[in-house]
Amino acid sequence: VWALKDIKLEIKRGEILGIIGKNGAGKTTLLKIISRITSPTKGRINISGRTASLIEVGTGFHGELTGRENIYLNGSILGLRKHEINQRLDKIIDFSGVEKYIDTPVKRYSSGMYVRLGFSVAAHLDPDILIVDEVLAVGDAEFQKKCLGKMKNISSEGRTVLFVSHNMPSIINLCNRGILLND
């Protein structure tokens, strides 16, 4: 079974691209290839810039580490130095809304807390390309609205956002363009 076949896609800098399709259509596979988590079986992908992705709840976090330690871990994976992470730390924690639990191991976090911290880390470490899969559905409505606003801000700064969602009003409201993956 081919998850993706004969796809040619060019995404411009600063664009917010919505990706929609039924479950099993290949949306997450496409994002994993763009994120370099998975290599394509055939074909190639060219990416210009640093990517940060939030594809699955808890991806990139180490359960035994605290929220704060995971911020540093993720930042270093993205190539940031400690002082650069220090400059962003308060904003990341504040945006996430989990400041009360930031020094607790993330294995104790609820799925909503994971998403809050994961999105906050991905969005505030200044990636050139932010990749967000359907994980925002786990968060509450207020946090989802906050995330949509942050993605608009990221795009206005000339950075690119790839956004997968089944929430059509969010896609329509946020995205410059969308693609439908079918079969």
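Within every chain, residues take consecutive numbers counted from 1 along the sequence as written. Owing to the predicted nature of the model, reporting of local features is limited to residues with pLDDT of at least 70; listing and counting of side-chain atom pairs is limited to 80 or more, with chain, interface and lining totals taken over all residues. With hydrogens and water excluded, all non-hydrogen atoms of the structure serve as input to the side-chain values.

(A) The pattern of salt bridges, seen in detail. By definition, a salt bridge exists where a carboxyl oxygen of Asp or Glu is found within 4 Å of a side-chain nitrogen of Lys or Arg. As enumerated under the stated definition, the model contains 7 salt bridges in all. Between glutamate 10 and lysine 12 there is a salt bridge, with the nearest N and O atoms lying 3.6 Å from each other. Relative accessible area serves as the criterion here: at 53%, lysine 12 is assigned to the exposed category. A salt bridge links arginine 159 to aspartate 126, with the nearest nitrogen and oxygen atoms 3.6 Å apart. One end of the pair, arginine 159, is in the loop between helix 5 (141–156) and strand 4 (160–164); the other, aspartate 126, is in the loop between helix 4 (111–124) and strand 3 (129–132), with 33 residues separating them in the sequence. For the exposure calls, accessible area comes from a 1.4 Å probe over protein chains only, and a residue counts as buried if that area is under 20% of its type's maximum, exposed if over 50%, partly exposed in between. Given the relative accessible area of 8%, arginine 159 is considered buried. Assessed through its relative accessible area of 32%, aspartate 126 is described here as partly exposed. One continuous salt-bridge network, built from bridges that share partners, spans Arg88, Asp126, Glu157 and Arg159. The numbering of helices and of strands both runs from the N terminus, where a helix is a DSSP run of H or I of at least 4 residues and a strand a run of E of at least 2.

(B) A look at helix 3 (residues 82–96). To estimate the expected span of a helix, count its residues, drop one, and scale the result by 1.5 Å. Across its 15 residues, helix 3 extends 20 Å between first and last C-alpha, which sits within 8% of the 21 Å expected from 1.5 Å per residue. Bend is computed residue by residue as the angle between axes fitted to the seven residues ending at the residue and the seven residues starting at it. The sharpest bend along helix 3 measures roughly 45 degrees and falls at arginine 88. Of all the positions in helix 3, only Ile85, Arg88, Leu89, Ile92, Ile93, Phe95 and Ser96 are classed as buried. The contact criterion used throughout is that any non-hydrogen atoms of two residues lie within 4.5 Å. Packed against the buried residues of helix 3 are helix 2 (67–77), helix 4 and helix 5. Following helix 3 by one or two positions, glycine 97 adopts a phi angle in the positive range, close to 75 degrees.

(C) Highlighting the nonpolar core. The criterion is simple. A nonpolar core is a set of buried Ala, Val, Leu, Ile, Met, Phe, Trp, Tyr and Cys residues joined through side-chain atoms within 4.5 Å. Grouped together as the largest cluster of nonpolar side chains are 40 residues, with contacts concentrated most on Ile71, Leu117, Phe119, Leu130, Leu136, Met151 and Phe163. Elements represented by at least two residues in this core include exactly strand 1 (16–20), strand 2 (51–54), helix 3, helix 4, strand 3, helix 5, strand 4 and helix 6 (168–174). Per-element tally for this core: the top contributor is helix 4, with 8 residues. Setting aside residues no more than four positions away along its own chain, phenylalanine 119 makes contact with Leu54, Phe95, Leu130, Val132, Leu136, Phe143, Cys147, Lys150 and Met151. Formed by 15 residues, the second largest nonpolar core is a distinct cluster that contains Ile129, Ile131, Val164 and Ile179.

(D) Looking closely at the side chain of glutamate 15. In this structure, glutamate 15 sits in the segment before strand 1. What makes glutamate 15 buried here is its relative accessible area of 10%. Under this definition, polar contacts are N or O atom pairs within 3.5 Å; protein pairs additionally need one hydrogen-donor-capable and one acceptor-capable atom, and for neighbouring residues in sequence, both atoms have to be side-chain atoms. Polar contacts involving the side chain of glutamate 15 include one to the side chain of arginine 177, which spans 2.4 Å. With residues up to four places along the chain from it excluded, the contact list for glutamate 15 reads Glu10, Ser155, Arg159, Thr160, Val161, Asn176 and Arg177.

(E) Representation of helix 1 (residues 27–34) in the model. Residues Lys27, Leu30, Leu31, Ile33 and Ile34 constitute the buried set of helix 1. When helix 1 is viewed along its axis, its buried side chains cluster within an angular range of 160 degrees and face the same direction. For helix 1, the secondary structure elements touched by its buried residues are strand 1, strand 2, strand 3, strand 4 and strand 5 (177–180). Where helix 1 ends, the next residue or the one after it, arginine 36, has phi of about 70 degrees, a positive value. By arc we mean the arc of the directions from the helix axis to the C-beta atoms, nothing more.

(F) Region of the structure containing the sheet that holds strand 3. Pairing in this open sheet of 5 strands is parallel, and the strands run 2-3-4-1-5 from one edge to the other. Whereas interior strands pair on both sides, the edge strands pair on one side only; in this sheet they are strand 2 and strand 5. Strand after strand, the sheet turns through a mean of 15 degrees between neighbouring axes, direction not considered. Whether two strands pair comes down to DSSP finding at least two bridges between them. Bridge count for strand 1 against strand 4 is 4 bridges, and the pairing is parallel. As a rule, the C-alpha atoms of each element are fitted with a line to give its axis, helices using only the stretch in contact, and angles between N-to-C directions run from 0 to 180 degrees.

(G) The packing of aromatic side chains, seen in detail. Within 6.5 Å between ring centres, the rings of Phe, Tyr and Trp (the latter by its six-membered ring) count as paired, and their orientation is classed by plane angle as stacked under 30 degrees, edge-to-face over 60, tilted in between. Inspection of the entire model under this criterion finds 5 aromatic pairs. Both rings, one in phenylalanine 95 and one in phenylalanine 143, keep their centres 5.9 Å apart while their planes meet at 65 degrees; by these two values the pair is edge-to-face. Residue phenylalanine 95 is located in helix 3, and its partner phenylalanine 143 is located in helix 5; the two are separated by 48 residues in the primary sequence. Judged on exposure class, the residue phenylalanine 95 and its partner phenylalanine 143 are both buried.

These figures capture arrangement, not role.
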